[in-house]
Amino acid sequence: MTDSEVEANDVGVDDVRSRLEDLEAAVDDEHERREVREAIRLVDRLPTDGVRDRIDKFTRRDIAEAFVGSILISLPMLVEDGVNDIAAHLLAAPSLLFINLAFVVVMTAGMLYYAEFRNVEVSRPLFGIVPRRLVAVLVIAFVTAAFTMTVWGRLDGWTDPAVALARVSVVWAVACFGAALGDILPGESTGADINDELDEFGERLGIGDDEGLF
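All figures in this text were calculated on a predicted structure; none of them were measured in a lab.

What exactly am I supposed to notice about the overall build of the protein chain here?
Scanning the protein chain from N- to C-terminus turns up 9 helices and 2 strands. Reading the helices (α) and strands (β) of the protein chain from amino to carboxyl end gives α-α-α-β-α-α-α-β-α-α-α. Buried positions account for 40% of the 214 residues belonging to the protein chain. Sequence separation of 24 or more characterises 74% of the internal contacts of the protein chain that already satisfy a separation of 6 or more. A total of about 12100 Å² of accessible surface is found on the protein chain, and carbon and sulfur atoms cover 62% of it.

Right under this line is the structure:
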């Protein structure tokens with residue numbers, strides 16, 4: 001088998017996407033650039049089962065999976081009065097509240113990128129450095145915890161925001177665990193990357209620039 005044949009056999013979806021991204025950066029005409037972006041979106045919609053074992057896309061399905069995971073894992077905490085006791089303990093020593101916050105972020109990042117449940121890669125980070133999947137999981141878990149605790153009357157109507165946030169932070173820690181697992185355990189989601197969908201939406205509104213919204 002020749003080198004060219006080996007290289008052809010080794011070409012995968014990621015190689016095609018990388019070449020298309022290079023082409024997008026090289027073309028000058030805006031119409032051509034949009035055509036290349038559409039080709040990238042078509043590549044992202046290709047089935048990935050058996051093609052690669054890593055996760056780099058972040059889609060609407062991932063958001064839904066993170067939400068479901070955070071709900072399922074945090075539900076038992078919503079009926080536990082121990083949440084109030086833990087929150088009171090954290091408020092009594094504010095430094096512990098910040099330590100808990102840091103612990104949740106580090107734990108979630110570890111589960112996503114280092115625990116090797118799946119081969120999750122950091123792709124298209126926010127501002128070029130912040131992993132978007134990590135931010136999404138943390139935000140989804142926090143919103144889920146705050147919403148469910150408010151609806152179930154576990155926050156006394158937010159009359160004391162500090163107490164409410166402390167209680168939410170306790171459930172949030174558990175919800176992050178569920179959100180991370182819910183997102184990555186099913187594997188790579190099919191469909192277009194959320195960034196591409198936002199770029200496409202921006203183009204339809206006429207507010208995207210040459211590099212897209214994200």
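There is more to say after this.
It is not clear to me how the side chain of T148 should be interpreted in this structure. Could you clarify?
Following the sequence through the fold, T148 ends up in helix α7 (residues 132–151). At 2.8 Å, the side chain of T148 and the backbone oxygen of T144 are in polar contact. Within the local environment of T148, its side chain forms a polar contact with the backbone oxygen of A145, the two atoms lying 3.2 Å apart. Non-local contacts of T148, meaning those with residues more than four positions away in its chain, are made with I71 and L78.

So what exactly am I meant to see when it comes to empty space enclosed by the protein here?
Using a probe with the size of a water molecule, rolled over the atoms, empty space left in the structure can be pinpointed. One pass over the structure, following the stated rule, counts 1 cavity of 30 Å³ or more. By volume, the largest cavity is sized at about 40 Å³. Residue composition of the lining of the largest cavity, by class: 3 nonpolar, 1 polar and 4 charged.

How do you make sense of the nonpolar core when you look at a structure like this?
Side chains that are nonpolar tend, in soluble globular proteins, to be buried together. L112, M149 and W172 are the most contacted members of the largest nonpolar core, which totals 34 residues. When contributions to this core are tallied by element, the ones reaching two or more residues are α4 (60–78), α5 (82–92), α6 (94–113), α7 and α8 (161–184). When residues of this core are assigned to their parent elements, the largest contribution, 13 residues, is made by α8. Discounting chain neighbours no more than four positions away, the residues touching W172 are L101, V104, L138, A141, F142 and A145.

Just checking my understanding: could you explain a nonpolar patch on the surface for this structure?
Nonpolar side chains collect at one region of the surface, where F67, V68, L72, I73 and F177 lie side by side and expose about 450 Å² of accessible area between them. Tallying contributions element by element places α4 first for the nonpolar patch, with 4 residues. Looking at where V68 falls in the secondary structure, it is placed in helix α4. Under the relative-accessibility criterion, V68 is labelled partly exposed at 43%.

What exactly am I supposed to notice about α8 here?
One turn of the α-helix equals 3.6 residues, which is why residues spaced by three or four share an orientation. Between its first and last C-alpha, α8 extends 33 Å over 24 residues, near the 34 Å set by a 1.5 Å rise per residue. The largest bend in α8 comes to about 30 degrees, at W172. Within α8, 18 of the 24 residues are buried, leaving the element largely enclosed by the surrounding structure.

Help me out: how do you make sense of the confidence of the model for the protein chain in this one?
Segments scoring low in pLDDT should not have their predicted coordinates read at a detailed level. Per-residue confidence for the protein chain gives a mean pLDDT of 77; residues scoring 70 or more make up 61%. Across the protein chain, the secondary-structure element scoring lowest on mean pLDDT is helix α1 (residues 3–10), at 44, and the one scoring highest is α7, at 93. Here residues 1–10 is modelled with pLDDT under 50, and outside its nearest four sequence neighbours on either side it reaches 3 contacts, counting other chains as well. Contacts of residues 209–214 to residues separated by more than four positions or lying in other chains number 16 contacts, the stretch itself having pLDDT below 50.

Help me out: how do you make sense of the packing of α7 against α8 in this one?
Packed helices, taken two at a time, are described by their axes: the angle between them and the distance between them. Look at α7 against α8: their axes get within 7 Å of each other, and the N-to-C directions meet at 130 degrees. Between α7 and α8, the interaxial angle falls into the category oblique. Crossing hand, α7 versus α8: right-handed. Contacts from R133, V137, L138, A141, F142, A145, A146 and M149 in α7 reach L165, R167, V168, V171, W172, A175, C176, A179, A180 and D183 in α8. Residues that form the contact of α7 with α8 fall into these classes: 15 nonpolar, no polar and 3 charged.

Would you explain the pattern of salt bridges in this entry?
Opposite charge on two side chains allows them to pair when their charged atoms are near. Tallied over the full model, the rule gives 4 salt bridges. Here E65 ties to R61 by a salt bridge, and the two come within 3.2 Å at their closest N and O atoms. Residue E65 and its partner R61 are both found in helix α4; the two are separated by 4 residues, about one turn of the helix. With its nearest N and O atoms 3.2 Å apart, the salt bridge here joins R154 to D81. Of this pair, R154 sits in the loop between α7 and α8 while D81 is found in the loop between α4 and α5, placing the two residues 73 residues apart along the sequence.

What counts, and where the lines are drawn
- Residues numbered from 1 in each chain as written.
- Predicted model: local features only at pLDDT ≥ 70, side-chain atom pairs only at ≥ 80, totals over all residues.
- Heavy atoms only, no water.
- Helix = DSSP H or I, 4+ residues; strand = E, 2+ residues; numbered from the N terminus.
- Buried < 20%, exposed > 50% of the residue type's maximum accessible area, 1.4 Å probe, protein only.
- Contact = heavy atoms within 4.5 Å.
- Areas by Shrake-Rupley, 256 points an atom, 1.4 Å probe, with all protein chains shown as cover.
- Polar contact = N/O pair within 3.5 Å; in protein donor to acceptor, adjacent residues only side chain to side chain.
- 1 Å grid on protein atoms, 1.4 Å probe; cavity = no way out; pocket = protein on both sides within 12 Å on 5 of 7 lines; lining within 4 Å.
- Points joined across faces, edges and corners; volume = space filled by probe spheres on them.
- Nonpolar A, V, L, I, M, F, W, Y, C, P; charged D, E, K, R; others polar.
- Core = buried A, V, L, I, M, F, W, Y, C linked by side-chain atoms within 4.5 Å.
- Patch = residues over 30% accessible without salt bridge, like charges linked within 9 Å, V, L, I, M, F, W, Y side chains within 5 Å.
- Salt bridge = Lys/Arg side-chain N within 4 Å of Asp/Glu carboxyl O.
- Expected span 1.5 Å × (residues − 1).
- Bend = angle between axes of the 7 residues up to and from the residue.
- pLDDT = per-residue confidence, 0-100.
- Axes fitted to C-alpha atoms, helices over the stretch in contact; angles between N-to-C directions.
- Parallel < 35°, antiparallel > 145°, perpendicular 65-115°, else oblique.
- Left-handed = near helix turned anticlockwise from the far one by under 90°.

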